[in-house]
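Residues per chain are reported as follows:
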Amino acid sequence: MTLPGEEQSSIAAAVPPVMFHQLAPAWVDGLGALLAALAAAGDDRLFHPHPRDSATLRRLADVATGPGEHDEYHVAVSSGAVLAYGLLRGWTEGYPVPSLGVAVHPAARGRGVARLMMDHLHAVARARGVRRVRLKVYRDNLRALALYRALGYRMEPLGGREWCGLLDLDSPVSGSAV
Ligand SMILES: CC(C)(COP(=O)(O)OP(=O)(O)OC[C@H]1O[C@@H](n2cnc3c(N)ncnc32)[C@H](O)[C@@H]1OP(=O)(O)O)[C@@H](O)C(=O)NCCC(=O)NCCS
């Protein structure tokens, strides 16, 4: 059994290099640990894409690896640990422009993992023929806002507390972290 402190230090030592995988049953426990760490850090206020119980995660892993058009659920992994989670959602509900979400384990931040995940998700969206990506971000989430603005997202007001970010993927330099 891995104790919370051991998990923190193994994740802190784990980056880079990072590999990206579609969420699959093999990553459900690691994703659960990442979401639990985000909740423990209070970051579930900023990032709450869906419930984090294992039945929900198993169902998403089945959807992500199943046949047909579906939303994209991806994990960034290093040394067997899930460092980050990234989503592109909306296709299942029939929306043409997917909504992006990203979160990085608190012990793995500030080392470019989010940028790598954003690059990966933009490449996944392009490969699916999408020309635009959107996201929602709380106005007080300054780390995420700095990341999205650096990648070229244009922010539009969304109610009183959020921005809606939009990125055109057509431009060859758009959305690139380099
Ligand atoms: C926002 C988040 C994804 C950034 O992850 P990260 O791996 O630390 O980000 P990176 O190391 O890839 O840094 C990318 C950029 O993010 C911004 N950033 C990262 N840490 C920052 C900090 N402490 N202060 C300000 N900006 C910061 C910078 O623009 C940085 O680019 P730079 O290194 O060239 O300055 C991470 O803090 C997180 O998971 N937060 C909780 C969940 C969340 O808010 N998700 C977004 C919901 S909309």
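Keep in mind that what you see is a predicted model, and the values were worked out from it rather than measured. (Residues numbered from 1 in each chain as written. Predicted model: local features only at pLDDT ≥ 70, side-chain atom pairs only at ≥ 80, totals over all residues.)

**Remarks on the overall build of the protein chain**
The criterion, for reference: The helix count covers DSSP runs of H or I at least four residues long, the strand count covers runs of E at least two residues long, and both are numbered beginning at the N terminus. Remark: C-beta atoms are placed from the backbone, and a residue is labelled buried if 20 or more other C-beta atoms sit within 10 Å of its own, exposed if 12 or fewer do, or partly exposed between those counts. Think of it this way: build a C-beta for each residue from its backbone, and any pair within 7 Å is a contact.
The number of helices and strands found in the protein chain is five helices and seven strands. Beginning at the N terminus, the succession of helices and strands in the protein chain can be written as α-β-α-α-β-β-β-α-β-α-β-β. The 178 residues of the protein chain split such that 30% are buried. Here the contacts in the protein chain between residues at least 6 apart in sequence split such that 62% fall between residues at least 24 apart.

**Quick look at the site of the ligand**
Formally: What makes a residue near a molecule or strand is its C-beta atom, placed from the backbone, lying within 6 Å of it. Polar here means any residue other than Ala, Val, Leu, Ile, Met, Phe, Trp, Tyr, Cys and Pro, which are nonpolar, and Asp, Glu, Lys and Arg, which are charged; Gly is therefore polar.
The ligand sits among 21 residues. The nearest are Leu46, Arg109, Ala114, Ala146 and Leu147. Listed by contribution, the elements that provide at least two residues to the shell around the ligand are strand E4 (99-104), helix H4 (113-127) and helix H5 (142-150). Looking at the shell around the ligand, the element that brings in the most residues is H5, giving six residues. For the shell around the ligand, a count of residues per class yields 13 nonpolar, three polar and five charged.

**Quick word on the packing of helix H2 (residues 28-40) against helix H3 (residues 54-65)**
What counts here: To get an axis, a line is fitted to the C-alpha atoms, and for a helix only the part in contact is used. The angle between two axes follows their N-to-C directions and goes from 0 to 180 degrees. Should an angle fall under 35 degrees it is called roughly parallel, over 145 degrees roughly antiparallel, and 65 to 115 degrees roughly perpendicular, with every other angle called oblique. Two helices crossing with the near one rotated counterclockwise from the far one by less than a right angle form a left-handed crossing, whereas a clockwise rotation gives a right-handed crossing.
For the pair H2 and H3, interaxial distance at closest approach is 10 Å and the crossing angle is 130°. One finds that H2 runs oblique with respect to H3. Here H2 and H3 pass one another in a crossing that is right-handed. Listed contacts from H3 to Val28, Leu31 and Gly32 of H2 are Ser54, Leu57, Arg58 and Ala61. Per-class residue counts for the contact of H2 with H3 are four nonpolar, two polar and one charged.

**Some words on the pairing of strand E3 (residues 81-89)**
Note the following rule: For two strands to pair, DSSP has to find at least two bridges joining them.
E3 sits mainly inside the fold: eight of its nine residues count as buried. Relative to E3, strand E2 (residues 72-78) runs antiparallel, the two sharing seven bridges. When the bridges of E3 are listed, Ala76 appears paired with Ala84. Count of turn residues in the E2/E3 antiparallel hairpin: two residues, of which Ser79 carries a positive phi of about 50°. Across six bridges, the pairing between E3 and E4 is antiparallel. From the neighbouring strand, Leu88 faces E4, where its bridge partner is Leu100.

**Quick notes on H3**
So the rule is basically this: Each helix should span, by expectation, one fewer than its residue count multiplied by 1.5 Å. Throughout, the arc means that of the directions going from the helix axis to the C-beta atoms.
Taking 1.5 Å per residue as the helical rise, H3 with its 12 residues ought to reach 16 Å, and the 16 Å between its terminal C-alpha atoms agrees with that figure. Those residues of H3 that fall on the buried side of the exposure criterion are Leu57, Ala61 and Ala64. The arc that holds the buried residues of H3, viewed along the axis, is 65°, so those residues lie on one side. In the core, the buried residues of H3 are packed alongside strand E1 (19-22), H2 and E2.

**Considerations on the environment of Tyr85**
Mapped onto the elements of the fold, Tyr85 is located in strand E3. Among the residues examined, Tyr85 registers 24 C-beta atoms within 10 Å and is labelled buried. Through-space distance from the C-alpha of Tyr85 to that of Val75 is 4.7 Å; in sequence the pair is 10 residues apart. Once residues within four sequence positions are removed from consideration, Tyr85 is found in contact with Leu31, Leu34, Val75 and Ala103.

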